[in-house]
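Listed below, chain by chain, are the residues.
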Amino acid sequence: MTRRAILEDPDPRLRLPSEPVDRFDASLAQLVEDLCDTLYAGSAIGLSAPQIDDRRRVLVMDLSRQRTAPQVFVNPTILSRGAARGLVEESCLSLPGVSAKVMRAVQLRAAARDAAGRPFERDLADMEAVCLQHEMDHLDGVLFTDRLSLLRRLGLRLVAGRASRAAA
Ligand code: NI
């Protein structure tokens, strides 16, 4: 069991784009295991590789009640989004203490590979759809607060916090 340290904003490593996985080897299996161990050590529903300082396009999520059904997405893509969008409250292990509602598609069809390299497609709805989009953003160096208006970010003191840190 390896619980890895989670990078927190404003760590610049969270802003780097991740690279597609082309080797489905023991190193990838270890990454998936570490992601699951780190996810289950806390109460979050999803975790992406860049949050534990690994630049591969991998994420895990588990929205099951018992937290015994991890979903592993390697090289995920979104094939289609439904027209319906919703405002759902989000938080992030890399932004402790911050939560806000983000507008996202609430129905989508995703494609990815599993840890063994087998391709699959899956329909996701509601929180699962939101979670996948949130974790996929991490693979592109995007945090959920980037998707809020400037006014909302000011309300969360994210802009002010950055400014005061920069001035310190
Ligand atoms: Ni996050």
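Our subject in this report is the structure included herewith. (Residues numbered from 1 in each chain as written. Predicted model: local features only at pLDDT ≥ 70, side-chain atom pairs only at ≥ 80, totals over all residues. Heavy atoms only, no water.)

Notes on the sheet that holds strand β7 (residues 119-125)
Spelled out, the test is: When DSSP finds two or more bridges between a pair of strands, those strands are recorded as paired. The way it works is that DSSP assigns letters per residue, a run of H or I at least four long becomes a helix, a run of E at least two long becomes a strand, and they are numbered from the N terminus. Orientation is described by lines fitted to C-alpha atoms, with helices fitted over the stretch in contact, and by angles between N-to-C directions that extend from 0 to 180 degrees. It only takes one pair of heavy atoms within 4.5 Å for two residues to be counted as in contact.
Read across the sheet, five strands follow the order β1-β2-β3-β6-β7 without closing on themselves; strand pairing throughout is antiparallel. Across the chains shown, the open sheet's two edge strands, defined by having one partner strand only, are β1 (46-48) and β7. Shown here is a sheet whose adjacent strand axes are inclined to one another by a mean of 40°, direction ignored. By the bridge criterion, seven bridges tie strand β6 (residues 107-113) to β7 in an arrangement that is antiparallel. Its bridge partner lying in β7, Ala 110 is registered against Arg 122. Set on the sheet, helix α1 (residues 26-41) makes contact with β1, β2 (58-61) and β3 (71-81); between it and β2 the angle comes to about 35°.

Details of the layout of surface pockets
Put simply, the rule reads: Residues are said to line a cavity or pocket when one of their atoms sits within 4 Å of a point; the points come from a 1 Å grid over protein atoms alone, cavities being sets where a 1.4 Å probe fits but cannot get out and pockets being open sets with protein on both sides within 12 Å along at least five of seven lines. Grid points are joined across faces, edges and corners, and a volume is the space filled by probe spheres set on the points. Basically, the charged four are Asp, Glu, Lys and Arg, the nonpolar ten are Ala, Val, Leu, Ile, Met, Phe, Trp, Tyr, Cys and Pro, and anything else, Gly included, counts as polar.
Quantified by volume, the largest pocket comes out at close to 280 Å³. Ala 44, Ile 45, Ser 91, Cys 92 and His 134 are, among the 15 residues lining the largest pocket, the residues nearest its centre. Secondary-structure elements contributing two or more residues to the lining of the largest pocket are β4 (85-91) and α2 (126-139). Broken down by element, the lining of the largest pocket gets its largest block of residues, six residues, from α2. Class assignment of the residues belonging to the lining of the largest pocket gives a composition of seven nonpolar, five polar and three charged.

Here's the deal with the environment of Val 130
Formally: Only protein chains enter the calculation, and the probe is 1.4 Å; a residue is then buried if its accessible area is under 20% of its type maximum, exposed if over 50%, and partly exposed in between.
Here Val 130 lies in helix α2. Look at Val 130 and you get buried, because its relative accessible area is 2%. When the C-alpha positions of Val 130 and Glu 90 are compared, they lie 8.6 Å apart, and in sequence the two are 40 residues distant. Those residues within four positions of Val 130 in sequence are excluded, and the remaining contacts are Val 88, Glu 90, Arg 104 and Ala 105.

A short note on the pattern of salt bridges
The condition is simple: Salt bridges are defined as contacts in which a side-chain nitrogen from Lys or Arg sits within 4 Å of a carboxyl oxygen from Asp or Glu.
Summed over all chains, the structure comprises 14 salt bridges. Salt-bridge contacts for Arg 55 lead to Asp 53; the nearest nitrogen and oxygen are separated by 2.8 Å. When its relative accessible area of 22% is taken as the criterion, Arg 55 is described as partly exposed. Taking the relative accessible area as the measure of exposure, Asp 53 reaches 34% and is therefore partly exposed. Across the pair Glu 121 and Arg 109 runs a salt bridge, and its minimum N-O distance is 3.0 Å. Of this pair, Glu 121 sits in strand β7 while Arg 109 is found in strand β6, placing the two residues twelve residues apart along the sequence. Note on Glu 121: relative accessible area 47%, which makes it partly exposed. A relative accessible area of 28% means that Arg 109 is categorised as partly exposed.

A word on the side chain of Asp 34
What counts, and what does not: Under this definition, polar contacts are N or O atom pairs within 3.5 Å; protein pairs additionally need one hydrogen-donor-capable and one acceptor-capable atom, and for neighbouring residues in sequence, both atoms have to be side-chain atoms.
Among the structural elements, Asp 34 can be located in helix α1. Of the polar contacts made by the side chain of Asp 34, one reaches the side chain of Arg 4; its length is 2.8 Å. Dropping the residues within four chain positions of it, Asp 34 is found in contact with Thr 2, Arg 4 and Ile 52.

Some points on the nonpolar core
This is how the line gets drawn: The criterion is simple. A nonpolar core is a set of buried Ala, Val, Leu, Ile, Met, Phe, Trp, Tyr and Cys residues joined through side-chain atoms within 4.5 Å.
Grouped together as the largest cluster of nonpolar side chains are 15 residues, with contacts concentrated most on Leu 28, Leu 31, Leu 35, Leu 47, Val 58, Val 60 and Val 74. Those elements giving two or more residues to this core turn out to be α1, β2 and β3. Sequence-distant contacts of Val 74, that is, excluding residues within four places in its chain, are made with Val 21, Phe 24, Leu 28, Arg 57, Val 58, Ala 112, Arg 113, Asp 114 and Ala 115. Grouped together as the second largest cluster of nonpolar side chains are 13 residues, Leu 59, Ala 110, Ala 129 and Leu 139 included.

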